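So the chains spell out like this:
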Amino acid sequence: MGIAITMEEFLAEQHVRYDLLRHAPTATSMRTAEAGHIPGDALAKGVVLKDEIGYLLAILPATHHVRLDALEAQTHRHLQIAAEQDMARLFPDCARGAVPVFGSAYGLDTIVDDSIAGRPDVYFEGGDHETLVHMDGNDFQRLTAQAAHGRFSEHD
């Protein structure tokens with residue numbers, strides 16, 4: 001599959017240079033980092049949350065997990081992890097469980113954990129479990145500048 005068409009179009013519209021890194025199929029973000037031979041804290045992962053208002057895409061490093069209490073305090077929302085069928089509906093051009101990191105490409109509100117900011121290079125799943133997108137950290141920051149930012153994750 002490679003990169004999802006929505007993600008490909010979004011990156012083209014934003015004039016972002018990127019390259020693709022193929023790897024063996026993986027089921028978790030840390031396994032993806034290992035398979036891609038990249039540091040886990042350079043791999044951005046998306047976690048989809050929901051509440052009565054709608055969905056929120058939280059972006060954090062693969063080495064971290066979401067602290068719901070911290071995220072709820074920052075957003076003033078009562079959030080829970082979205083169901084698998086929600087993600088299939090939100091990201092129809094992505095493989096099951098391959099959550100993209102640019103929520104704006106899919107019309108989702110996004111919040112970015114500060115622990116992924118400042119990375120010189122950022123990697124993320126492009127729409128399947130066998131392809132990583134690699135881009136310059138400055139481009140990642142530019143593309144997430146309009147998203148909310150905060151500290152809501154904890155190192156595993």
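All of the points below concern the structure found in this document. All figures in this text were calculated on a predicted structure; none of them were measured in a lab.

**Some details on the overall build of the chain**
On a plain count of helices and strands, the chain comes out with 5 helices and 10 strands. Computed over its C-alpha atoms, the radius of gyration of the chain comes to 14 Å, within 12% of the 15 Å expected for a compact globule of 156 residues. Its C-alpha atoms give the chain principal-axis dimensions of roughly 40 × 30 × 30 Å. The burial tally for the chain puts 52% of its 156 residues in the buried class. A separation threshold of at least 6 residues defines the contact pool for the chain, and within that pool the share at least 24 residues apart is 68%. Averaged over its 12 positive side-chain charges, the chain has a centre that lies 2 Å from the centre of its 24 negative ones.

**With respect to the sheet that holds strand S1 (residues 19–22)**
The strand order across the open sheet built from 3 strands is S1-S8-S7, with neighbouring strands paired in antiparallel fashion. Since the sheet does not close on itself, it has two edges, and those belong to S1 and strand S7 (121–125), each with one partner. Going across the sheet, the axis of each strand differs from the next one's by a mean of 30°, ignoring polarity. The pairing of S7 with strand S8 (residues 131–136) spans 5 bridges and is classified as antiparallel. If you follow Phe-124 over to S8, its bridge partner there is Val-133.

**Some details on the layout of surface pockets**
Size it by volume and the largest pocket reaches roughly 250 Å³. Lining the largest pocket are Ala-27, Thr-28, Ser-29, Leu-43, Ala-44, Lys-45, Gly-46, Gly-97, Val-99, Val-101, Glu-125 and His-129. Sort the elements by how many residues they give to the lining of the largest pocket and strand S2 (residues 44–50) lands first, with 3 residues. Considered class by class, the residues forming the lining of the largest pocket number 5 nonpolar, 5 polar and 2 charged. For the second largest pocket, the calculated volume is near 160 Å³.

**Regarding the pattern of salt bridges**
The final tally for this structure, using the stated rule, is 10 salt bridges. Two residues, Arg-119 and Asp-41, come together in a salt bridge whose shortest N-O distance is 3.4 Å. Residue Arg-119 is located in the loop between strand S6 (109–113) and S7, and its partner Asp-41 is located in the loop between helix H2 (29–36) and S2; the two are separated by 78 residues in the primary sequence. Relative accessible area serves as the criterion here: at 22%, Arg-119 is assigned to the partly exposed category. For Asp-41, a relative accessible area of 30% puts it in the partly exposed group. Here Lys-50 and Asp-86 are joined by a salt bridge, their closest N and O atoms 3.2 Å apart. With Lys-50 in strand S2 and Asp-86 in helix H4 (residues 84–90), the pair connects residues that are 36 residues apart, well separated along the chain. Several salt bridges share partner residues, and in doing so they unite Arg-22, Asp-128 and Glu-130 into one network.

**A look at the environment of Asp-114**
As for its placement among the helices and strands, Asp-114 is situated in the loop between S6 and S7. The class of Asp-114 is partly exposed, set by a relative accessible area of 31%. Through-space distance from the C-alpha of Asp-114 to that of His-149 is 6.3 Å; in sequence the pair is 35 residues apart. Among residues more than four places away in sequence, those in contact with Asp-114 are His-149, Gly-150 and Arg-151.

So, how was this worked out
- Once a new chain begins, its residue numbering starts again from 1 and follows that chain's sequence as written.
- Since the coordinates come from a predicted model, pLDDT governs what is reported: local features require at least 70, and pairs of side-chain atoms require 80 or more to be given and counted, while whole-chain, interface and lining totals use all residues.
- The side-chain numbers reported here are obtained from all heavy atoms of the structure, hydrogens and water having been left aside.
- Segments assigned H or I by DSSP are reported as helices when at least four residues long, segments assigned E as strands when at least two residues long, and all are numbered from the N terminus.
- When we talk radius of gyration, it's over C-alpha atoms, and the globule rule is simply 2.2 Å times the number of residues to the 0.38.
- Buried means the residue's accessible area, taken with a 1.4 Å probe over protein chains only, is under 20% of the maximum for its type, while exposed means over 50%, and partly exposed covers the values in between.
- By definition in these notes, contact holds between two residues if any of their heavy atoms fall within 4.5 Å.
- The convention is simple: Lys and Arg are positive, Asp and Glu are negative, and His and the chain ends are not counted.
- In this description, the location of a charge corresponds to atom NZ of lysine, CZ of arginine, CG of aspartate or CD of glutamate.
- Should DSSP find at least two bridges between two strands, the strands are taken to pair.
- For helices, the fitted axis covers only the stretch in contact; all axes are lines through C-alpha atoms, and the angles between them, taken along N-to-C directions, range from 0 to 180 degrees.
- Cavities and pockets were defined on a 1 Å grid built over protein atoms only: a cavity is a set of grid points that admits a 1.4 Å probe from which the probe cannot escape, a pocket is an open set flanked by protein on both sides within 12 Å along at least five of seven lines, and lining residues are those with an atom within 4 Å of any such point.
- Grid points are joined across faces, edges and corners, and a volume is the space filled by probe spheres set on the points.
- Charged means Asp, Glu, Lys or Arg here, nonpolar means Ala, Val, Leu, Ile, Met, Phe, Trp, Tyr, Cys or Pro, and polar covers whatever is left, Gly included.
- Throughout this description, the term salt bridge denotes a Lys or Arg side-chain nitrogen within 4 Å of a carboxyl oxygen of Asp or Glu.

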